Amino acid sequence: MSYPVTRTRRLRRTDALRRMVRETRLSVDNLVLPLFVRHGDHVREPIASMPGVCRLSVDALVEECREAAALGIPGVILFGIPERKDPVGSEGYAEDGIIARAIRAVKEAVPDLVVWADVCLCEYTSHGHCGVLKGREVDNDATLPMLAREAVVYAKAGADVIAPSDMMDGRIGAIRRGLDEAGYQNAVIVSYAAKYASAFYGPFRDAAGSAPEFGDRRGYQMDPANGDEALREVALDIDEGADVVMVKPALAYLDVVRRVKEMFRVPVAAYNVSGEYALVRAAAERGWVDGDRIAMEVLTSIRRAGADIILTYFAKDAARRLKG
Ligand code: PBG
């Protein structure tokens, strides 16, 4: 039955009607706030390309986590900026490294907050690649034990979630075995399973000083042109023991989010990355778009595509808006 009997506008007429038929709900429960932690005391160092985001010393990080928890945000993901970098990324898996210290402090102050630890070497290596080098290439198999060690150090510090973002083959299995052998059977693994070699990470690399010194990450991160390959990556990671799989970035890859959700029916995370955030903030600063509305629209669209969890620098703003 079509027009004039059918009028799809009927259900859009008032706010109450629209609320009744709304298909997608964005809740604060879906959000994870990414945070950058550095050495020092009482430091809140703004990141130029990410307005509103700072590099925080551990004390300031704890305050930020308290605020996030008070807003109802269930989790944070931590990224470290080490004191010094070396070819093997030692501070990444040092027991007194910046992230291990940060996790201990946050878990002590805000025990119910779910603390995610990003596991990768690129923030800690002098060359900025996500593993150890053999010549000018990243040595996959030599990197695995280091990632497992990093994961165990973070789990021991109290991390609830281990989130490997390096894209080495076999890392989920290596990390799961490492965690289990060390007695951390309950540490959750969120795998950055379909992580693309994306220009949308630009501001993050400024923030973490983790741009590769030579070359790029296309030898290990995925080709933006590929969708079927993402399904293969996800299948392998689930098989190796991932509890949650992530697609990253989010917006240019919503089709991948949808396909992963439909095919695997496991919890899916999507990372609304630094460049996606920066684009919105930059245009909003110029008065070209309404940044608040765009943020909510973007987050809702990521949910609509099928993501259960959204990692986003908008988490605090969105939580405030969702509270009304
Ligand atoms: C580390 C890592 C990166 C991001 C998350 N973990 C950077 C990269 O792979 O270059 C990007 C997050 C963002 O852009 O917001 N490997």
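Just above sits the structure.
Residues numbered from 1 in each chain as written. Predicted model: local features only at pLDDT ≥ 70, side-chain atom pairs only at ≥ 80, totals over all residues. Heavy atoms only, no water.

Q: Hey, could you run me through the overall build of the protein in this one?
A: A count of helical and extended segments in the protein gives 11 helices and 12 strands. Taken over the C-alpha trace, the protein has a radius of gyration of 20 Å; the compact-globule value for 324 residues is 20 Å, and the two agree within 12%. Seen through its principal axes, the protein has C-alpha atoms that stretch 70 × 45 × 40 Å. Taking all 324 residues of the protein together, the buried fraction comes to 56%. Contacts in the protein between residues far apart in sequence, at least 24 positions, make up 74% of those at least 6 positions apart. Carbon and sulfur atoms provide 50% of the accessible area of the protein, an area that totals close to 14900 Å². The averaged location of the 47 negative side-chain charges in the protein is 9 Å from the averaged location of its 44 positive side-chain charges. (Helix = DSSP H or I, 4+ residues; strand = E, 2+ residues; numbered from the N terminus. Rg over C-alpha atoms; globule rule 2.2 N^0.38 Å. Buried < 20%, exposed > 50% of the residue type's maximum accessible area, 1.4 Å probe, protein only. Contact = heavy atoms within 4.5 Å. Areas by Shrake-Rupley, 256 points an atom, 1.4 Å probe, with all protein chains shown as cover. Lys, Arg positive; Asp, Glu negative; His and termini not counted. Charge placed at Lys NZ, Arg CZ, Asp CG, Glu CD.)

Q: Please clarify how the site of the ligand should be interpreted in this entry.
A: The environment of the ligand is made up of 19 residues, and the closest members are K195, R205, K248, S274 and Y313. Take R205: an N or O atom from its side chain is 2.6 Å from an oxygen atom of the ligand. Residue S274 places a side-chain N or O atom 2.7 Å away from an oxygen atom belonging to the ligand. A total of 400 Å² of accessible area belongs to the ligand in isolation, and the protein chains cover 100% of it. Looking at the shell around the ligand, its residues break down into 10 nonpolar, three polar and six charged. (Near = heavy atom within 4 Å. Polar contact = N/O pair within 3.5 Å; in protein donor to acceptor, adjacent residues only side chain to side chain. Nonpolar A, V, L, I, M, F, W, Y, C, P; charged D, E, K, R; others polar.)

Q: Even after reading the chapter, I still don't get the packing of aromatic side chains, so can you show me in this structure?
A: The description of an aromatic ring pair uses the distance of the two centres, along with the angle that the planes make with each other. Evaluated as defined, the whole model comprises 10 aromatic pairs. When the ring of Y192 is compared with that of Y271, the centres are 6.3 Å apart and the planes differ by 40 degrees; the resulting orientation is tilted. On the criterion of sequence distance, the pair formed by Y192 in strand β9 (residues 188–195) and Y271 in strand β11 (residues 268–272) is long-range, its members being 79 residues apart. Look at Y271 and you get buried, because its relative accessible area is 2%. The structure contains a cluster of three or more aromatic residues connected by ring pairs, namely F36, F79, Y192, F204, Y271, Y277, Y313 and F314. The aromatic ring of Y192 is capped on one face by K195, whose charged end is 5.4 Å from the ring centroid. Taking NZ or CZ as reference, K195 lies 5.5 Å from the ring centre of Y201, over its face. (Phe/Tyr/Trp six-rings, centres within 6.5 Å; stacked < 30°, edge-to-face > 60°. Lys NZ or Arg CZ within 6 Å of the ring centre and 35° of its normal.)

Q: Sorry, what's going on with a positive patch on the surface here?
A: Together, R7, R9, R10 and R12 line one region of the surface with positive charge. Relative to the elements of secondary structure, R7 occurs in the segment before α1 (15–20). (Patch = residues over 30% accessible without salt bridge, like charges linked within 9 Å, V, L, I, M, F, W, Y side chains within 5 Å. Salt bridge = Lys/Arg side-chain N within 4 Å of Asp/Glu carboxyl O.)

Q: Please explain the environment of V256 as it appears in this structure.
A: With respect to the secondary-structure elements, V256 resides in helix α8 (residues 254–264). According to the relative accessible area criterion, V256 is buried, its value standing at 4%. Apart from residues lying up to four places away in sequence, V256 is in contact with Y196, A230 and V247.

Q: Please explain the nonpolar core as it appears in this structure.
A: Most often, soluble globular proteins keep nonpolar side chains buried together rather than apart. In terms of nonpolar packing, the biggest core is built from 115 residues, with F36, W116 and Y154 touching the most fellow members. Sort the elements by how many residues they give to this core and helix α4 (residues 140–157) lands first, with nine residues. Other than its neighbours up to four places away in sequence, W116 contacts V32, V76, I77, L78, V161, A163, V190, M246, I309 and L311. (Core = buried A, V, L, I, M, F, W, Y, C linked by side-chain atoms within 4.5 Å.)

Q: So what exactly am I meant to see when it comes to the packing of helix α7 (residues 228–240) against α8 here?
A: The geometry of a pair of packed helices is captured by two quantities: the angle between their axes and the separation between those axes. The contact between α7 and α8 brings their axes to 10 Å, and the two run at 45 degrees. On the basis of their axis angle, the class for α7 and α8 is oblique. At the point where α7 passes α8, the crossing takes the right-handed sense. Residues D228, A230, L231, V234, A235 and I238 of α7 form the contact with α8, whose own contacting residues are V256, R259, V260, M263 and F264. By residue class, the composition of the contact of α7 with α8 is nine nonpolar, no polar and two charged. (Axes fitted to C-alpha atoms, helices over the stretch in contact; angles between N-to-C directions. Parallel < 35°, antiparallel > 145°, perpendicular 65-115°, else oblique. Left-handed = near helix turned anticlockwise from the far one by under 90°.)

Fair warning: the whole summary comes from geometry, so function is off the table for now.
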